[in-house]
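Observations on the model geometry
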Amino acid sequence: MTTADEPVRGPLHGIRVLDLTRVVMGPLATQILADQGADVVTVEPAGGDTNRVMGPGPHPELSGISLNLMRNKRSVVIDLKSEGGRTAVRRLVESSDVVVSTMRPGALTRLGLDYPAVRAMREDIVYCQAQGFPLDSPHANEPAYDDIIQAATGVSDIMLRIWGSPALMPTIFADKVCGLVMAQAITAALVERQRTGQGRHIEVPMAQAMAAFMLAEHGSGAISQPPIAPPGRPATGYPRVLSPERRPHPTKDGWVHLLPYHPKHYVALFTEAGVEGAADDPRYADLRATILNSDSLYRDIRRITPSRTTDEWLDYCRNTGIPATRVASLQDLVDELEVVEHPVAGGYRVIPRMATFHGTEPALRRHAPLIGQDTADVLTELGLGPADHH
């Protein structure tokens, strides 16, 4: 029993997750579950997962990416195609609450790890599989990485509208969005199981999840039938977000991003800058007008911001309630992170967990393991010997 001053265990303490995922999307989902207290057992091939060699790192088996993506997890090496490996995985399934996979459906079936096979091993299993396209699609078994899904779900199209040629977001946008969807869906299914005693088959097709994500605002007037398009614009797309002028503004000594979202913000900002007629400008008479006139309004903001320093603009915006921030670099974000000591790899910085459960144990309970570091311990827990994973 904990005292009032002791942190309690994470909300998923006591839940075991069998992690059959690769690269970033699935490992991000299971990292979230691990940060929240789940016992995540990651099954890796003998050479380790791809994320272990994605970019530089302090150890041959630990890239900068994997140091955080693999934290709070246990790593086992199991040959999923061998008889001993199949026995070990079956025992793992029987002892797990959740199975997560990002393998293609055909591969799961060949390995005997599709939902019907896993449910036969444990009836109340929460089984989450993510692949590029829906299981009932003719494309279900096609390979689909982040780049492919971005191009297939409108991301390249919005970049075309802004810059004149299709492009991809310079981040693994689809992978991370879908990883978040996986984590949330798994947690919802665990809540349902606690209430009903029943497991659940969850499918997260990346194309479907990203289409829903993109169309939340960019479905816009095309959602109505018949479609409703603003003058001179297509029915799809949220005009304010698609403005090529929607970007940080230069100041006297750097950059700032400020967003006068409401009409009163525009009045205050342009009046302060000495713009004539600011109080009566029809471009921000109401919120609808500000959205439709985003291009010209953002250009006008860009003309006035060089007159002051970044700090001066931030002070002004704080006093008037206008959302604003200085522009942070990736290095700025890294510099704010806590440095801890890995027992093998040395010092590294800890990326924060995405949600804080106040009063629970620290996010970092276990450093990222080396490849297969926990194989013997996990097999012993399952009543198996060292040779039972080959």
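It should be noted that the structure appears before, not after, this text.
Rules and cut-offs
- For every chain, the first residue of the written sequence is number 1, and numbering continues from 1 along that sequence.
- Where local features are concerned, this predicted model is filtered to residues with pLDDT of at least 70; where side-chain atom pairs are given and counted, the filter is 80 or more; whole-chain, interface and lining totals use all residues.
- Here the side-chain values reflect all heavy atoms present in the structure, with hydrogen atoms and water set aside.
- Numbering of helices and strands starts at the N terminus; helices are DSSP runs of H or I of at least 4 residues and strands are runs of E of at least 2.
- Only protein chains enter the accessibility calculation, which uses a 1.4 Å probe; a residue whose area is less than 20% of its type maximum is buried, one above 50% is exposed, and one in between is partly exposed.
- To get an axis, a line is fitted to the C-alpha atoms, and for a helix only the part in contact is used. The angle between two axes follows their N-to-C directions and goes from 0 to 180 degrees.
- By the definition adopted for this analysis, an angle is roughly parallel if under 35 degrees, roughly antiparallel if over 145, roughly perpendicular if from 65 to 115, and oblique otherwise.
- Two helices crossing with the near one rotated counterclockwise from the far one by less than a right angle form a left-handed crossing, whereas a clockwise rotation gives a right-handed crossing.
- In this description, contact between two residues means that some pair of their heavy atoms is separated by no more than 4.5 Å.
- DSSP calls a pair of strands paired once it identifies at least 2 bridges connecting them.
- One side-chain nitrogen of Lys or Arg within 4 Å of one carboxyl oxygen of Asp or Glu is enough to make a salt bridge.
- Cavities and pockets were defined on a 1 Å grid built over protein atoms only: a cavity is a set of grid points that admits a 1.4 Å probe from which the probe cannot escape, a pocket is an open set flanked by protein on both sides within 12 Å along at least five of seven lines, and lining residues are those with an atom within 4 Å of any such point.
- Grid points are joined across faces, edges and corners, and a volume is the space filled by probe spheres set on the points.
- Asp, Glu, Lys and Arg are counted as charged, while Ala, Val, Leu, Ile, Met, Phe, Trp, Tyr, Cys and Pro are counted as nonpolar; the rest, among them Gly, fall into the polar class.
- We define a polar contact as two N or O atoms separated by no more than 3.5 Å, with the added condition that, inside protein, one atom must be a possible hydrogen donor and the other a possible acceptor, whereas residues neighbouring each other in sequence contribute only through side-chain atom pairs.
- For the handedness criterion, the strands are oriented away from the viewer, and a crossover whose path from the first strand over the helix to the second runs clockwise is classed as right-handed.

This part is about the environment of A216. Along the chain, A216 turns up in helix α9 (residues 206-218). Classification of A216 as exposed rests on a relative accessible area of 68%. The spacing of A216 and E142 is 74 residues in sequence and 26 Å in space, taken between C-alpha atoms.

What follows is about the packing of helix α1 (residues 25-35) against helix α8 (residues 173-196). In the contact formed by α1 and α8, the axes pass within 8 Å of each other and the chain directions differ by 45°. It follows from the interaxial angle that α1 and α8 lie oblique. Both α1 and α8 take part in a crossing whose hand is right-handed. For the pair formed by α1 and α8, the contact residues are M25, G26, L28, A29, I32 and L33 on the first element and D175, K176, C178, G179, L180, M182, A183, I186 and T187 on the second.

Another aspect to go through is the sheet that holds strand β8 (residues 255-258). Strand order in the open sheet formed by three strands is β7-β8-β9, and the pairing between neighbours is antiparallel. Either end of the sheet is taken by a strand with one partner, and the two such strands are β7 (249-250) and β9 (324-326). When β7 meets β8, the two strands line up antiparallel, connected through two bridges. Bridge pairing links H249 to V256 in β8. Each of β8 and β9 is contacted by helix α13 (residues 310-320), which is oriented at about 155° to β9, the strand it contacts most.

Turning to the pattern of salt bridges, a few remarks are in order. When their charged atoms lie close together, side chains carrying opposite charge are able to pair. Scanning all chains against the criterion turns up 24 salt bridges. For R74, the salt bridge goes to E381, with nearest N and O atoms at 2.7 Å. Residue R74 is located in strand β3 (residues 73-77), and its partner E381 is located in helix α15 (residues 375-381); the two are separated by 307 residues in the primary sequence. Three or more residues are tied together by salt bridges with common partners; here these are R16, D39, R74 and E381.

What follows covers the layout of surface pockets. What the largest pocket holds in volume is close to 1000 Å³. Within the residue set of the lining of the largest pocket, elements represented by two or more residues are α1, α2 (64-69), α7 (155-163), α8 and α9. Looking at the lining of the largest pocket, its residues break down into 25 nonpolar, seven polar and seven charged. Lining the second largest pocket are 24 residues, with R22, V23, T102, M103 and Y145 sitting closest to its centre. Of all the secondary-structure elements, those providing two or more residues to the lining of the second largest pocket are α1, β5 (126-131) and α6 (146-152). Of the residues belonging to the lining of the second largest pocket, the class tally is 13 nonpolar, five polar and six charged.

For T21, the location among the structural elements is in the loop between β1 (16-20) and α1. We classify T21 as buried; its relative accessible area is 1%. Polar contacts involving the side chain of T21 include one to the side chain of D19, which spans 2.5 Å.

Further remarks concern the sheet that holds β5. Sheets are built from strands paired through backbone hydrogen bonds, the pairs being either parallel or antiparallel. The strand order across the open sheet built from six strands is β3-β2-β1-β4-β5-β6, with neighbouring strands paired in parallel fashion. Edge positions in the sheet fall to β3 and β6 (200-205), since each of these pairs with one other strand and no more. Taking the axes of each pair of neighbouring strands and ignoring which way they run, one obtains an average angle of 20° across the sheet. Direction of pairing for β5 relative to β6: parallel, over a ladder of six bridges. Among the inter-strand pairings, C128 is bridged to a residue of β6, identified as I202. Contacts from α1 reach β1, β2 (39-44), β3, β4 (98-101) and β5, with the element oriented near 130° to β3.

Locating V24 in the fold gives a position in the loop between β1 and α1. Separated by 52 residues in sequence, V24 and V76 have C-alpha atoms that sit 18 Å apart. Residues within four places of V24 in sequence aside, it is in contact with M54, L69 and I172.

Two faces, one strand: in a regular strand the side chains alternate between the faces of the sheet. The buried fraction of β1 is high, at five of five residues. The two faces of β1 match: R16, L18 and L20 on one face and V17 and D19 on the other face are all buried. Of the strand pairs in this sheet, β1 and β2 are connected by four bridges, and their pairing is parallel. What sits directly across from L18, in β2, is V41. With α1 bridging β1 and its parallel neighbour β2, the resulting β-α-β unit is right-handed. Direction of pairing for β1 relative to β4: parallel, over a ladder of four bridges. Counterpart to L20 in the pairing with β4 is S101.

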